[in-house]
Each structure stands twice: as C-alpha cells, then as structure tokens.
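Close look at the chain arrangement
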Amino acid sequence: MALNGLDAWYAFMKHHDKDALWELLHPDAVFESPVVHTPQAGREIVFKYLTSAEKVLGGPGFTYTGEWRSPNGAVLEFENEIEGIKLNGVDIITFADDGRITRFKVMVRPLKAINLLHRLMGEQLARQ
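We now turn to the structure provided with this report. Please read these numbers as outputs of a predicted model, since none were measured by experiment.

Spacing of three or four residues puts side chains on the same side of an α-helix, whose turn is 3.6 residues. For helix 1 (residues 4-15), built from 12 residues, the straight-helix expectation of 16 Å at 1.5 Å per residue is met to within 8% by its first-to-last C-alpha distance of 17 Å. Those residues of helix 1 that fall on the buried side of the exposure criterion are G5, L6, W9, F12 and M13. Buried residues in helix 1, looked at end-on, bunch into an arc of 115 degrees, giving them a common side. Residues K14 and H15 are exposed on helix 1 and point more than 90 degrees away from its buried face. Looking at the buried residues of helix 1, the elements they touch are helix 2 (18-24), helix 3 (43-57), strand 3 (63-70), strand 4 (73-82), strand 5 (85-95) and strand 6 (101-109). Looking one or two residues past helix 1, H16 carries a phi angle of roughly 60 degrees, positive in sign.

In this structure the tally under the stated criterion is eight aromatic pairs. Judged by centre distance (5.4 Å) and plane angle (45 degrees), the rings of W9 and F12 are tilted. Taken together, the residues span about one helical turn, with W9 and F12 both in helix 1 at a distance of three residues. Assessed through its relative accessible area of 2%, W9 is described here as buried. Between the aromatic rings of F31 and F104, the centroid separation amounts to 6.1 Å while the plane-to-plane angle is 25 degrees, which identifies the pairing as stacked. Residue F31 is found in strand 1 (residues 25-32), and its partner F104 is found in strand 6; the two are separated by 73 residues along the sequence.

Parameters at a glance
- Residues numbered from 1 in each chain as written.
- Predicted model: local features only at pLDDT ≥ 70, side-chain atom pairs only at ≥ 80, totals over all residues.
- Heavy atoms only, no water.
- Helix = DSSP H or I, 4+ residues; strand = E, 2+ residues; numbered from the N terminus.
- Expected span 1.5 Å × (residues − 1).
- Buried < 20%, exposed > 50% of the residue type's maximum accessible area, 1.4 Å probe, protein only.
- Arc of directions from axis to C-beta.
- Contact = heavy atoms within 4.5 Å.
- Phe/Tyr/Trp six-rings, centres within 6.5 Å; stacked < 30°, edge-to-face > 60°.

The structure is reproduced here in structure tokens:
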C-alpha cells in the first residue's frame with residue numbers, strides 16, 4: 001500500500017534517520033519549495049532539501065496538527081515557532097505504489113515565515 005510510506009515519513013521525523021529517508025525517496029522524486037520557483041528533481045536534491053528542512057523546521061516546537069489522506073498521498077499541516085515568528089504550513093506528499101515518495105510540496109504562511117525560511121534554508125543548504 002502506497003501510504004505505508006506515510007508511516008515511514010513520520011518515523012523519519014521522529015528518529016531523524018537519514019538512511020531511512022534516502023530509501024523512502026523514489027529515484028525520480030520531485031521537491032517543490034515555497035521559495036524556489038522551479039521544482040527540484042531527483043533523489044539527491046530532494047534528499048538535500050528535506051534533510052535541510054528537517055534541521056530548520058523540525059526542532060522541538062515542530063508539530064503536525066492535521067492530516068488528510070488520499071489513495072496515493074497525504075496533506076500534513078504543521079506549525080512551529082522560529083525566531084519569534086509563528087509559522088503554519090502543509091506538506092503535500094505523493095507516494096508511488098511501493099510507498100516511496102515521488103513528490104513533496106511544501107507551502108508556508110505567513111509571508112514573514114516564508115522570508116525567514118528562505119534565509120535559514122539558504123544557510124543550511126550552503127553548509128551541506
């Protein structure tokens with residue numbers, strides 16, 4: 001079942017196991033960022049974005065607050081506060097039949113949060 005991948009995603013967010021994330025990503029996975037205007041294609045770049053996002057967003061205040069499922073995907077609403085800015089967003093994840101992630105889209109609000117994430121993600125990606 002494709003949504004077994006959703007359980008694997010939650011496990012990654014809980015345990016931060018980069019090897020498990022690598023295995024979860026389809027070789028042709030695509031990442032869509034709230035601040036980069038073109039989709040980022042391929043397992044390596046998607047892995048880089050997701051591990052960076054997990055470091056920037058996935059701190060102790062990060063929580064998923066809602067979940068909506070379809071037969072091959074899920075929308076996960078999240079919240080966090082970073083540098084005094086409350087942010088709210090969604091991860092829109094599509095899975096292949098084997099449970100691997102084929103598409104991962106992030107949407108964030110408000111504008112202050114997007115600007116903050118743009119800066120922090122740029123710094124984190126530069127470190128990798």
